[in-house]
Amino acid sequence: KRMGMSNEFIGLTSILYLPWVLKMFWSPLVDIKKTRRYWIISTQLMMAVLFAALALSIPTNFFIPLTLGLFAAIAFISATHDIAVDGYYMLALDRRRQAFYIGVRSLFYRLALLCGQGLLVVCAGLLEESTCRIPLSWMLTMFIPCIVFTSAFMFHLQALPRPPEDTSAETTVSKSDFAAAFTTYFSQPGIVRIVLFILLYRLGEAMLVKMASPFLLDGFSAGGLGLSTKDVGFAYGTAGMLSLTVGGLAGGWCIARFGLKRCIWPMAIMLNAPDLVYIYMSVVRPEVWLVYVLVACEQFGYGLGFTAFSVYLMYIAQNPYKTSHFAISTGLMALGMMVPGLVSGYLQQWLGYTGFFALVLALTVPGMLMIFFLPFDDGHGAGRGE
């Protein structure tokens, strides 16, 4: 947005979800080749190198194709990292501990996103103010994740535990079993309902997430709030981060205590109902401090709702292909995020921000209705009393 791109172009960048959609097709390789620990460490090193290249490409005359290409490469490596991390988590913990720690896991996943949407944006905003050069400010900012991933690589190389279950399946799983990960997943009872739920649960959010920052940045004449880059970073990186922390931890505790079956419906409501705050902001144009409060409410609800969603995806991942099954589920989830995101910019320009946010709210309904049709057999309702 700060480099002059339109909302339509910003929406089209949802194509960068594609590696997460397709990761299901190479996820069995992570099951078969090497250990999850090996994949985690090696992909962190590759991401460090790619972010360095990305930073250097920003001040060039060809920054659009170069940065898009490098972001696509980062997305491919990051999707592979996701596969390994998800498999590592499920192998190292039993089902009850997976549910108990899902809030912590979801918290740090979202903290990473908020560091991108919040902390890095604040850094870029401060650099914009001090240098008055937008490309330079973003080049320097993009070296930060390079440093982060280099540090993570060096730390995990020494400190990441080696669970006994994290072994290469190459000696026990033949190459002909590659397709078995898909057949066992799609032969589960109620798979059609499960797939529809995965695709629809985050439909409203898929639209909202692409246009939320442009809405905060756009001026009053365009229907936005006219905030600075730094203000947007603070909105997501301070109040939003704290609320998300509380929501994610509370969601994990509730599911471990009461079970997913009892929690998923109220948590789904908490995920989607706060979308109302964007309709309110587009009409009222509140002060900056109130924007912080309203973004915090939306992030708290997201922390609860996404935790329930993540637990369900883990419950439908079955042995001996837990890593691959979870990758298939998250690939379908990414597809449900990518396709709506592609058209979000065009819909926003057509409807205006208030009409667009009203559409977002309406699109949350199908995913919530699918909860009534989900199978919760064979431990899917795991938790106290179920």
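Everything numeric here is computed off the predicted structure, so don't read it as measured data. (Residues numbered from 1 in each chain as written. Predicted model: local features only at pLDDT ≥ 70, side-chain atom pairs only at ≥ 80, totals over all residues. Heavy atoms only, no water.)

Visitor: Talk me through the packing of helix α4 (residues 36-57) against helix α5 (residues 63-92); I want residue IDs and the actual numbers.
Guide: The interhelical angle for the contact between α4 and α5, taken along N-to-C directions, is 160 degrees, at an axis separation of 9 Å. The orientation of α4 with respect to α5, classified from their angle, is roughly antiparallel. When the axes of α4 and α5 are compared, the crossing they make is left-handed. In terms of residue class, the contact of α4 with α5 is made up of 19 nonpolar, 8 polar and 2 charged. (Axes fitted to C-alpha atoms, helices over the stretch in contact; angles between N-to-C directions. Helix = DSSP H or I, 4+ residues; strand = E, 2+ residues; numbered from the N terminus. Parallel < 35°, antiparallel > 145°, perpendicular 65-115°, else oblique. Left-handed = near helix turned anticlockwise from the far one by under 90°. Nonpolar A, V, L, I, M, F, W, Y, C, P; charged D, E, K, R; others polar.)

Visitor: Residue-level account of the environment of S221, with values.
Guide: Structurally, the position occupied by S221 is in the loop between α10 (203-217) and α11 (229-258). Among the residues examined, S221 registers a relative accessible area of 82% and is labelled exposed. Counting along the chain gives 37 residues from S221 to F258, while the straight-line C-alpha distance between them is 48 Å. (Buried < 20%, exposed > 50% of the residue type's maximum accessible area, 1.4 Å probe, protein only.)

Visitor: Tell me what's going on with the state of the cysteines, and back it up with residues and numbers.
Guide: Applying the stated criterion across every chain yields a total of 0 disulfides. Not part of a disulfide, C123 finds its nearest cysteine sulfur in C115, a span of 9.6 Å. By relative accessible area, C123 is classed as partly exposed at 23%. With no disulfide of its own, C132 lies closest to C123 among cysteine sulfurs, the gap being 17 Å. (Disulfide = S-S within 2.5 Å.)

Visitor: Describe the side chain of D275, listing the residues and the values that go with them.
Guide: Relative to the helices and strands, D275 resides in the loop between α12 (260-272) and α13 (276-284). For D275, a relative accessible area of 4% corresponds to the buried category. Once you skip the residues sitting within four places of it in the chain, D275 turns out to touch L208, V360, L361 and T364. (Contact = heavy atoms within 4.5 Å.)

Visitor: Outline the packing of aromatic side chains, supporting the account with residue identities and numerical values.
Guide: The final tally for this structure, using the stated rule, is 19 aromatic pairs. On the numbers, 6.1 Å between centres and 80 degrees between planes, the contact of Y38 with W39 is edge-to-face. Y38 gets classed as partly exposed once you look at its relative accessible area, which sits at 42%. Judged by centre distance (5.4 Å) and plane angle (45 degrees), the ring pair of Y278 and F357 falls under tilted. With a gap of 79 residues between them, Y278 in helix α13 and F357 in helix α15 (residues 322-362) connect regions that are remote in the sequence. What links up through ring pairs into an aromatic cluster is the set F197, Y201, Y302, F306, F309 and Y312. When the ring centre of Y38 is taken as reference, the NZ or CZ atom of K34 above it lies at 5.4 Å. Sitting over the face of the ring of F220, R285 holds its NZ or CZ atom 5.2 Å from the ring centroid. (Phe/Tyr/Trp six-rings, centres within 6.5 Å; stacked < 30°, edge-to-face > 60°. Lys NZ or Arg CZ within 6 Å of the ring centre and 35° of its normal.)

These results come straight from atomic positions and should not be treated as a statement about function.
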